[in-house]
Amino acid sequence: MPPTAPKTVAILQPGYLPWLGFFDQLARSDVFVIYDDVQFDKHGWRNRNRIKTPAGPHWLTVPVLHSGKNFPPNLAVEIDRAQPWPRKQIGSIRQFYGRAPHLARYLPELEEMLHRPWNLLVDLDLALIGLLARWLGLERPLLRSSALGIGGGQSERLLQHCRHFGATRYLSGSAARDYLDVALFARHGVEVVWQDYAHPVYPQLHGDFVSHLSTLDLLLNCGEQSRSILASGVALPPS
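Residues numbered from 1 in each chain as written. Predicted model: local features only at pLDDT ≥ 70, side-chain atom pairs only at ≥ 80, totals over all residues. Heavy atoms only, no water.

Caption draft 1: Examining helix α3 (residues 103-114) more closely. With twelve residues, α3 should reach 16 Å at 1.5 Å per residue; the first-to-last C-alpha distance of 16 Å fits that figure. Among the residues making up α3, those that are buried are L103, Y106, L107, L110, M113 and L114. Burial along α3 is one-sided: seen end-on, the buried residues are contained in an arc of 130 degrees. (Helix = DSSP H or I, 4+ residues; strand = E, 2+ residues; numbered from the N terminus. Expected span 1.5 Å × (residues − 1). Buried < 20%, exposed > 50% of the residue type's maximum accessible area, 1.4 Å probe, protein only. Arc of directions from axis to C-beta.)

Caption draft 2: Examining the side chain of S29 more closely. On the secondary structure map, S29 appears in the loop between α1 (20-28) and β2 (31-34). By relative accessible area, S29 is classed as buried at 7%. In terms of polar contacts, S29 uses its side chain to reach the backbone carbonyl oxygen of Q25, at 3.1 Å. Of the polar contacts made by the side chain of S29, one reaches the backbone oxygen of L26; its length is 3.1 Å. For S29, the contacting residues outside a window of four places in its chain are T8, A10 and R140. (Polar contact = N/O pair within 3.5 Å; in protein donor to acceptor, adjacent residues only side chain to side chain. Contact = heavy atoms within 4.5 Å.)

Caption draft 3: Inspection of the sheet that holds strand β1 (residues 8-12) at higher detail. Taken in spatial order, the five strands of this open sheet run β7-β2-β1-β8-β9, and their pairing is parallel. Each edge of the open sheet is held by one strand with a lone partner, namely β7 (143-144) and β9 (191-194). Note that β1 and β2 share four bridges and pair parallel. Paired with I11 across the strands is V33, a residue of β2. (Pairing = 2+ DSSP bridges.)

Treat this as a map of the structure, not an account of what it does.
Given below as structure tokens:
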């Protein structure tokens, strides 16, 4: 009988209209966990991302309610519904992507979703991740870490997620090189694979190419070709 194929787990915090690397990890994993019960980072990507304008990148930000410096976990962050952020964001997308070839295809569904009465940021993030994944042809179950009941310190907890699912690989972003205890994973028979995603260049509006924008930029510019463009980044090494 052929050997059992490695099972790969990826664990990422929720993101707002995430960049291509987020969906590359989704595409390359067998199990994808949304890390929704770690602390919200005010200046991170949970509630904001960038699109492209003639003047350069422009932030789309969802205003959230918070007080002081003690931020809640991602799953408890509330949206500030007193601000008209959905209307402003749709207006920005219409303005800066008015000449994008696939705007009419994607904008109506996105607009309807943004205008729903969201209370929690994580619910909005997960809905938009699911929407973009469907447009990319990458529909996968999005498992929430808060529902798994797995504890432990930073590296230990990530390892326990892998063991929970019987994984032999943990796919991690390169930034984790600074803190991840790779030896701990190795002792438990889990290989750490670094993503090292090579951002592709694709047709784009407004002059010179800008990378690391929201995946929305790719979809509005490239439509059905977006999946193959996404996949042109660095692949996992062979088994």
